[in-house]
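Coordinates in review
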Amino acid sequence: MEWLTAPFEATFVQRALWGGILVSAICALAGTWVVLRGMAFLGDAMSHGLLPGVALAALLGGNPMVGALLSAAVMTAGVTALGRTPKLSQDTGIGLLFVGMLSLGVIIVSRSQSFAVDLTGFLFGDVLAVSEQDLALLGTALVLALTVSVLGHRAFLALAFDPRKARTLGLRPRLAHAVLLGLLALAIVASFHIVGTLLVLGLLIAPPAAALPWARGVRGVMVLAALLGAAATFFGLLLSWHLRTAAGATVSALAVTLFFLSHLASGIRRRNRPAGIRPPATD
């Protein structure tokens, strides 16, 4: 038992655990819709699109979180605007924004001669450096994400499965899409300090994708995804402590491993299911 509990006797590891749990819950709320709507490329583009704001904030001595929020707002507005251009596919617009924001970030970074450490933290995160202030911000972000998810659930659901029906029902799909992008941006901004932008998709996509074959309904996917993300955080920190590996990368890798194990077990279950029995439908 000492092997299991010893790492969490350290205060900074306890804060890292709570930070990872909060991030897992936020990512479960946003990541479920990312998985259902096939928006993984958008999530990747938005995570890398934070670089200009973070780089500029660090260069000016400001708060990187504020810079990340500004970049996320620019990305959200840009994706929303380009999505309304009839002759331009959404993937093309997202790709152009992705390259443009990343290039701008590299240009800003190149203006500093001592940015290597900060850039490493941006790319790979520093979960063991989570502070009490970070936990308070993550708690606030979780409350906001939960509020948006509850209020927008009906519109998000219609948008995910039948956008035309959403328009017929008067649910304003364009507004719902913009709000959903804001929820995604919130999750990415909250997560990048923990696991970094290169690894954020691990917690954003892997737990909801792992939960999908086992949960009944969208809410069930969210709850199970949050639990799987929390488990990945706990065991990732545990393995990182004993194996002396990078904590954020270990957490993200374990989340992806849970996805593959989940779908392997789901495939075995389908093969062993008696003929004529169908899985329950999602709501």
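Conventions we followed
- Residues numbered from 1 in each chain as written.
- Predicted model: local features only at pLDDT ≥ 70, side-chain atom pairs only at ≥ 80, totals over all residues.
- Heavy atoms only, no water.
- Helix = DSSP H or I, 4+ residues; strand = E, 2+ residues; numbered from the N terminus.
- Contact = heavy atoms within 4.5 Å.
- Phe/Tyr/Trp six-rings, centres within 6.5 Å; stacked < 30°, edge-to-face > 60°.
- Buried < 20%, exposed > 50% of the residue type's maximum accessible area, 1.4 Å probe, protein only.
- Axes fitted to C-alpha atoms, helices over the stretch in contact; angles between N-to-C directions.
- Left-handed = near helix turned anticlockwise from the far one by under 90°.
- Nonpolar A, V, L, I, M, F, W, Y, C, P; charged D, E, K, R; others polar.

Remarks on the environment of L142
- Checked against the element boundaries, L142 lands in helix α8 (residues 132-151).
- Placed 116 residues apart in sequence, L142 and I26 show a C-alpha to C-alpha distance of 5.5 Å.
- Setting aside anything within four residues of it in sequence, one finds L142 in contact with L22, A25, I26 and L29.

Section: the packing of aromatic side chains
- Under the defined criterion, the tally for this structure stands at 6 aromatic pairs.
- On the numbers, 6.4 Å between centres and 75 degrees between planes, the contact of F41 with F98 is edge-to-face. Of this pair, F41 sits in helix α3 (residues 40-48) while F98 sits in helix α6 (residues 90-110), placing them 57 residues apart in sequence.
- Taking the relative accessible area as the measure of exposure, F41 reaches 37% and is therefore partly exposed.
- Each ring, one from F234 and one from F235, has its centre 5.0 Å from the other, and the planes form 90 degrees; the classification is edge-to-face.
- The exposure class assigned to F234 is partly exposed, which follows from its relative accessible area of 24%.
- Aromatic rings pair up to connect F8, F234 and F235 into one cluster.

What to know about the environment of A72
- Take A72: it is sitting in helix α5 (residues 64-82).
- The exposure class assigned to A72 is buried, which follows from its relative accessible area of 4%.
- Each C-alpha atom of the pair A72 and G53 lies 8.4 Å from the other, and the pair is 19 residues apart in sequence.
- Ignoring any residue separated from it by four or fewer positions in sequence, one finds A72 in contact with M46, L50, A185 and V189.

Looking at the packing of helix α2 (residues 11-37) against helix α13 (residues 217-243)
- Look at α2 against α13: their axes get within 8 Å of each other, and the N-to-C directions meet at 145 degrees. Read as a crossing pair, α2 and α13 show a hand that is right-handed.
- Residues that form the contact of α2 with α13 fall into these classes: 19 nonpolar, 5 polar and no charged.

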